[in-house]
Amino acid sequence: MPSPEDDAARESAPHIDPQDTPEGACYLVLGPWTAAELTAQPAWQALTLQLNALDAAAAGTALWDLRQIDQLDHLGAQVLWDHWGRKWPEKLEVLPPQRAVLDRVAQFSADRPEPPAPGFRENFLSLGEGVLKVVDHGADLLVLVGRLMLNLIKLVRNPREGPWRDLSGHLYHIGATALPITALVGFLIGVVLAYLISQQLRQFGADAFIVNILGISLIRELGPVLAAILIAGRSGSAITAQIGVMRVTEELDAMRVMGIAHSYRLVMPRAMALAIVMPLISVWTTVAALLGGMLAADLVMGVTPSFFIDALPEAVDAANLTLATAKSVVFGVLIALIGCHFGLRVKPNTESLGQGTTASVVTSITVVILVDALFAVLFKSIGV
């Protein structure tokens, strides 16, 4: 049950008192409708609930009586004007000063204009901004590649001071721990490809050619690309996150103060590890995919594993494996450089860390596909 103090507080706050009269519904606007009162959160919440509870149909035909209001300023008039739908109610009783305030609010109230559609100038500027971002990233990557070359020369001159412990750790975390997932995905891709190819070859009685199609597609293209995409999503994101966390925790600043080069202790070991690991993972993934395709070909088309193994060297030239290995080395270096690049660009906040990790994965996968297409065009006559 409300206390007398609550009733007094309600009466002193801006509110509306609905009344039924012989002429119809009447809304008495009471209390001080001023900025000082309406900006108080309890009063504003209570008034908002009361305005929302009013019958919209009755409010349009009801009599609005503002003559007993304690005080009305432009903010209070704006609240009433917005509630009326920015048009005068049919029945309104106001004093001349109140009418003057409402007239000014009605005169200067306007709907927020729709933002103009971007024109040629805006589109051109946004395109230029995108080009500048790409150029900025490209310049930083080029600097990173140059520093990597200089660090490799330094390592060759003085191998005893190389970060070999970091290298061995990255070889394990990037390479050995990725073997199960890459083998599983490769095996399933081989099974799916064999099933799809068998449906087409069976129509022409060319069952034996499944070895040629699976061999050239998996060894030359799908094996290296699939392994690179998996490593980009798994290890590329981890590289960016690791270096990004070092930025957030100010470890990179501490390394700079201590005179430790970021490129020598952070970038070079990861690039070397991925350059060594990627060819091995590519061969591992390709072998798993060939096993999956061989099993599916045996089950669906009756192509025995012995025939598959005997026909594979004749169907696929050894140059394809060499090309796939070379591509994998390039993929590994690019994934490492892109992961380190976005990690070093992370700002000291968690939002930038998440954005950098996402950008690293997307960019790595995109670059892998673009470079693979470039290899396919440049070396189209090799191994075919």
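What you are looking at is a predicted structure, and each value in this text was computed from that prediction instead of being measured.

Definitions and cut-offs
Residues numbered from 1 in each chain as written. Predicted model: local features only at pLDDT ≥ 70, side-chain atom pairs only at ≥ 80, totals over all residues. Heavy atoms only, no water. Phe/Tyr/Trp six-rings, centres within 6.5 Å; stacked < 30°, edge-to-face > 60°. Helix = DSSP H or I, 4+ residues; strand = E, 2+ residues; numbered from the N terminus. Buried < 20%, exposed > 50% of the residue type's maximum accessible area, 1.4 Å probe, protein only. Lys NZ or Arg CZ within 6 Å of the ring centre and 35° of its normal. Contact = heavy atoms within 4.5 Å. Salt bridge = Lys/Arg side-chain N within 4 Å of Asp/Glu carboxyl O. Pairing = 2+ DSSP bridges. Axes fitted to C-alpha atoms, helices over the stretch in contact; angles between N-to-C directions. Bend = angle between axes of the 7 residues up to and from the residue. 1 Å grid on protein atoms, 1.4 Å probe; cavity = no way out; pocket = protein on both sides within 12 Å on 5 of 7 lines; lining within 4 Å. Points joined across faces, edges and corners; volume = space filled by probe spheres on them. Nonpolar A, V, L, I, M, F, W, Y, C, P; charged D, E, K, R; others polar. Expected span 1.5 Å × (residues − 1).

1. Quick look at the packing of aromatic side chains
Within this structure, the stated rule accounts for three aromatic pairs. Between Tyr27 and Trp64, the aromatic rings sit 5.0 Å apart at their centres with planes inclined by 65 degrees, giving edge-to-face as the arrangement. Separated by 37 residues along the polypeptide, Tyr27 in strand E2 (residues 24–30) and Trp64 in strand E4 (residues 63–65) bring together distant segments of the chain. For the pair Tyr27 and Trp64, one class covers both residues: buried. A ring pair is formed by Trp81 and Trp88, whose centres lie 5.0 Å apart and whose planes are at 65 degrees; its orientation type is edge-to-face. Overall, the relative accessible area of 5% leaves Trp81 in the buried class. A cation over a ring is seen here: Arg99 above Trp88, with NZ or CZ 4.4 Å from the ring centre. Between the NZ or CZ atom of Lys154 and the centre of the ring of Tyr264, over which it lies, the distance is 4.4 Å.

2. A closer look at the side chain of Asn151
Relative to the elements of secondary structure, Asn151 occurs in helix H7 (residues 120–157). In this view, Asn151 contacts Ser263, Tyr264 and Met268; residues no more than four positions away in its chain are not counted.

3. Considering the pattern of salt bridges
Per the counting criterion, the structure on display carries twelve salt bridges. For Glu93, the salt bridge is made with Arg67, and the minimal N-O distance between the two is 4.0 Å. With Glu93 in strand E6 (residues 91–93) and Arg67 in the loop between E4 and strand E5 (71–72), this pair connects stretches of sequence that are 26 residues apart. Glu221 is the salt-bridge partner of Lys327, the closest N and O atoms lying 3.4 Å from each other. In this pair, Lys327 is assigned in helix H14 (residues 318–344) and Glu221 in helix H10 (residues 210–248), connecting sequence segments 106 residues apart. The buried category is assigned to Lys327, whose relative accessible area is 0%. Ionic contacts of the salt-bridge type, sharing partners, join the residues Arg220, Glu221, Lys327 and Asp372 into one network.

4. Brief notes about the sheet that holds strand E1 (residues 15–21)
Strand order in the open sheet formed by four strands is E1-E2-E4-E6, and the pairing between neighbours is mixed. This sheet does not close on itself; its edge strands, each paired only once, are E1 and E6. The mean angle between the axes of side-by-side strands here comes to 20 degrees, regardless of whether they run parallel or antiparallel. Pairing between E4 and E6: three bridges, direction parallel. Residue pairing in the sheet places Leu63 in a bridge with Lys91 of E6.

5. Some thoughts on the environment of Leu148
For Leu148, the position within the fold is in helix H7. On a C-alpha basis, the gap between Leu148 and Ser263 in space is 6.7 Å, while along the polypeptide they are 115 residues apart. Setting aside anything within four residues of it in sequence, one finds Leu148 in contact with Met268, Ala271 and Leu337.

6. Remarks on H10
Bending of H10 peaks at approximately 55 degrees at the position of Leu218. Trailing H10 by a residue or two, Glu250 shows a phi angle of about 65 degrees, which is positive.

7. Some words on empty space enclosed by the protein
Enumeration according to the criterion identifies one cavity of 30 Å³ or more in this entry. Taken together, Ile219, Pro279, Ser282, Val283, Thr286, Leu321, Ala324 and Thr325 make up the lining of the largest cavity. Contributing elements (two or more residues each) for the lining of the largest cavity: helix H12 (262–301) and H14. Looking at which element gives the most residues to the lining of the largest cavity, the answer is H12, with four residues. Across the lining of the largest cavity, the residue classes break down as five nonpolar, three polar and no charged.

8. Structural notes on H12
With 40 residues, H12 should cover 58 Å at 1.5 Å per step; its first-to-last C-alpha distance of 55 Å lies within 8% of that length. Taking the largest bend as the criterion, H12 deviates by roughly 30 degrees, centred on Met268, and proline Pro269 comes between one and four positions later. Buried residues dominate H12, accounting for 28 of its 40 residues. A positive phi of about 75 degrees marks Gly302, the residue just after H12.

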